[in-house]
Amino acid sequence: AGLQHDDATELRDARYEAGPSGIELPQAAGRILVVDDDAAVRRFVADALAGAGYDVQDVASGWEARHALEHGSIALLLSEVSMPRETGLDLIRFTTSEHPTTATLLMSALEDPGIAGAAMDLGAYGFLSKPVSRSAVLIGVMNALRRRDVEARERAERAKLERAVAVRTGALSEALVRLEGAAK
């Protein structure tokens, strides 16, 4: 009456594809880049994401993050606020300016609403307070990727509508010229 071996394997594979909680996780069209100068936190976050099936790269500095952004397809940047030489806010400012299709999340042990607000003002999709839990990381990433996907669909639809308006406006202008010519 139990599951056959093939059925159990298929069920396990389906559960893995759906994520550890059985919830289907949005997949990133590209990598998730984790940036934190604290190696233990960086590895914890990267391992949590990789364990959920995401393609993850982790780096220790803003400079390394900029290099990764310039040389790869990064779907989401998850950065610590306080790092030497370049803050997470600086990195988010750069990312939203130079890589606008990359979603951004910020994390910090500093529970400062001002920092979270500044991050959101710069275009961050969320703020995680340290110490982060595995579920908080996965939920934050899932929400950011979903928002990124919605915004991409909206941009595509807006561009499609703008093209349609341009074509129809051109056709109306031509018809108006023909009508004015016929009236003379």
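Residues numbered from 1 in each chain as written. Predicted model: local features only at pLDDT ≥ 70, side-chain atom pairs only at ≥ 80, totals over all residues. Heavy atoms only, no water.

## Digging into the packing of aromatic side chains
- Here the structure, examined in full by the defined rule, presents zero aromatic pairs.
- Across from the ring centre of Phe94, 4.0 Å away, lies the NZ or CZ of Arg66, which sits over that ring.
- The ring of Tyr125 carries Arg147 above its face, with NZ or CZ at 4.0 Å from the centroid. (Phe/Tyr/Trp six-rings, centres within 6.5 Å; stacked < 30°, edge-to-face > 60°. Lys NZ or Arg CZ within 6 Å of the ring centre and 35° of its normal.)

## Quick notes on the nonpolar core
- Among the nonpolar cores identified, the biggest contains 22 residues, and Leu49, Tyr54, Leu76 and Val141 are the most heavily contacted of them.
- Mapped onto this core, the elements with two or more residues apiece are β1 (31-35), α2 (39-51), β3 (74-80), β4 (103-108) and α6 (134-183).
- A total of five residues in this core trace back to one element, the largest contributor, which is α6.
- Setting aside residues no more than four positions away along its own chain, Leu76 makes contact with Arg31, Ile32, Leu33, Thr102, Ala103, Leu105, Val141, Ala144 and Leu145. (Core = buried A, V, L, I, M, F, W, Y, C linked by side-chain atoms within 4.5 Å. Buried < 20%, exposed > 50% of the residue type's maximum accessible area, 1.4 Å probe, protein only. Helix = DSSP H or I, 4+ residues; strand = E, 2+ residues; numbered from the N terminus. Contact = heavy atoms within 4.5 Å.)

## Notes on the confidence of the model for the chain
- Overall, the prediction assigns the chain a mean pLDDT of 84, with 84% of residues at 70 or greater.
- Ignoring residues within four places in sequence, the model shows residues 1-5, a span with pLDDT below 50, making two contacts including any to other chains. (pLDDT = per-residue confidence, 0-100.)

## Overview of the pairing of β4
- Where burial is concerned, most of β4 is hidden: six out of the six residues are buried.
- Alternating residues of β4 divide into Ala103, Leu105 and Met107 and Thr104, Leu106 and Ser108, and every residue in both groups is buried.
- Alignment of β3 against β4, held across five bridges, turns out to be parallel. Along β4, the bridge assignment pairs Leu77 with Thr104. (Pairing = 2+ DSSP bridges.)

## A word on helix α3 (residues 62-71)
- Taken residue by residue, α3 has Gly62, Ala65, Ala68 and Leu69 as its buried positions. Summarising the axial view, the buried residues of α3 lie within an arc of 120°, below the 170-degree limit, and thus occupy one face. Facing away from the buried side of α3 by over 90 degrees, the exposed positions are Trp63 and His71.
- Looking at the buried positions of α3, the neighbouring elements they touch are β1, β2 (56-59), β3 and α4 (88-98). (Arc of directions from axis to C-beta.)

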